[in-house]
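Single-letter residue listing:
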Amino acid sequence: MLNRAPNLATQVLTDLERRIYGGSIPPGTKVNESHLATELGVSRGPIREACRALESERIIEAFPQRGSFVRKISVKEATDLFAIREELSGIIARSIIENAPAGFADQLQVFVNEMDAGIAAGDLESFFPTNLQFHKILLSGTGNRRLEDIFLGLFKELRLFRIQSFLPERHFPDRVLAYNTDSNRGHGLIIAAIRSGSYETLTDALRQQVRASRDRSFQAFARSTGGGESSVGEVA
């Protein structure tokens with residue numbers, strides 16, 4: 001149950017995001033407003049407000065007479081999102097090299113260390129929230145709030161596609177940990193590039209991170225679907 005505070009709507013939104021990005025309400029699943037309201041000890045109003053906020057971010061899709069569903073991302077849309085994210089690499093790299101404050105790489109290293117510790121402990125749940133924080137801090141180094149918002153929007157939509165792709169992989173924790181290890185190795189290369197002060201090196205590191213994420217996601221998606229795509233799923 002949530003604490004009743006002035007920021008109750010924010011608490012509900014944060015909880016709903018945690019459930020979606022953690023995979024407990026996976027893409028294609030209906031958001032059960034009554035169940036969530038009872039579980040969180042709130043009325044359905046804050047649940048609906050949170051759904052509307054996530055609908056504006058293209059995370060939730062509302063259907064008349066059917067309710068709100070977590071969006072499923074098609075292969076075509078994921079391909080487009082990865083392509084846009086890759087093309088942003090150069091702008092992000094130049095902005096970070098020009099604007100990031102002193103000690104910025106050290107600040108990012110804290111999150112890489114946390115992800116490494118989670119991987120070593122076999123923790124499958126903590127990687128995404130820490131990874132998201134890493135990228136939020138990374139983008140804050142650009143000094144460009146609009147660029148930060150655009151990138152994080154892409155990042156969150158692609159998270160939905162990764163959940164679709166990797167949810168069956170949870171039965172193979174060693175495989176997921178290997179994916180996380182590869183991803184965090186890419187984070188280390190990004191930090192090394194920032195320390196080098198080279199725009200070109202950082203651009204390459206960011207592009208490599210996107211391509212590796214794309215390839216892992218598509219390979220997992222192919223395994224999970226046999227190459228097919230399904231429709232809206234069951235109610236949570």
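The structure reproduced in this document is the subject of the present report. Just so you know, these numbers come straight off a predicted model, no measurement behind them.

Rules of the game
Here the residue numbering is sequential within each chain, running from 1 through the sequence in written order. Under the rules for a predicted model, residues below a pLDDT of 70 receive no local features and side-chain atom pairs below 80 are neither given nor counted, while totals for whole chains, interfaces and linings still include all residues. Remark: hydrogens and water are excluded; side-chain values derive from all non-hydrogen atoms of the structure. Note on geometry: axes are lines fitted to C-alpha atoms, helical ones only across the stretch in contact, with angles between N-to-C directions running from 0 to 180 degrees. The helix count covers DSSP runs of H or I at least four residues long, the strand count covers runs of E at least two residues long, and both are numbered beginning at the N terminus. Each angle receives one of four descriptions, namely roughly parallel if under 35 degrees, roughly antiparallel if over 145, roughly perpendicular if within 65 to 115, and oblique otherwise. Contact criterion: two residues are considered in contact whenever any of their non-hydrogen atoms come within 4.5 Å of each other. Polarity classes work like this: nonpolar for Ala, Val, Leu, Ile, Met, Phe, Trp, Tyr, Cys and Pro, charged for Asp, Glu, Lys and Arg, and polar for all others, with Gly in that last group. In summary, the pairing rule links any two rings of Phe, Tyr or Trp, Trp by its six-membered ring, whose centres are within 6.5 Å, and it sorts them by plane angle into stacked for under 30 degrees, edge-to-face for over 60 and tilted for everything else. Per-residue accessibility, obtained with a 1.4 Å probe over protein chains only, is compared with the maximum for each type, and a residue is labelled buried under 20%, exposed over 50%, and partly exposed between these values. Ring-over charges, as used throughout, are those where CZ of Arg or NZ of Lys falls within 6 Å of the ring centre and within 35 degrees of the ring normal.

Structural notes on the packing of helix α9 (residues 173-196) against helix α10 (residues 199-225)
Here comes step 1: Between α9 and α10, the least distance of the axes is 8 Å, while the angle of their chain directions is 170 degrees. In terms of orientation, α9 and α10 fall into the roughly antiparallel class. In this structure, α9 contributes Arg 175, Tyr 179, Asp 182, Ser 183, Gly 186, His 187, Leu 189, Ile 190, Ala 193, Ile 194 and Ser 196 to the contact, and α10 contributes Thr 201, Leu 202, Ala 205, Leu 206, Gln 208, Gln 209, Arg 216 and Arg 223.
Here comes step 2: Of the residues contributing to the contact of α9 with α10, the split by class is 8 nonpolar, 7 polar and 4 charged.

Considerations on the packing of aromatic side chains
Here comes step 1: In the structure shown here, the tally under the stated rule is 8 aromatic pairs.
Here comes step 2: Plain terms: the ring middles of Phe 82 and Phe 218 are 5.8 Å apart, the flat faces sit at 75 degrees to each other, and that makes the pair edge-to-face. Of this pair, Phe 82 sits in helix α4 (residues 75-87) while Phe 218 sits in helix α10, and the two are 136 residues apart along the sequence.
Here comes step 3: Phe 218 sits in the partly exposed class, given a relative accessible area of 23%.
Here comes step 4: One aromatic cluster in this structure is built from Tyr 21, Phe 128, Phe 151 and Phe 155.
Here comes step 5: Over the aromatic face of Tyr 199 sits the side chain of Arg 94, whose NZ or CZ is 4.0 Å from the ring centroid.
Here comes step 6: One residue, Arg 159, lies across the ring of Phe 128, its end atom 4.1 Å from the ring centre.

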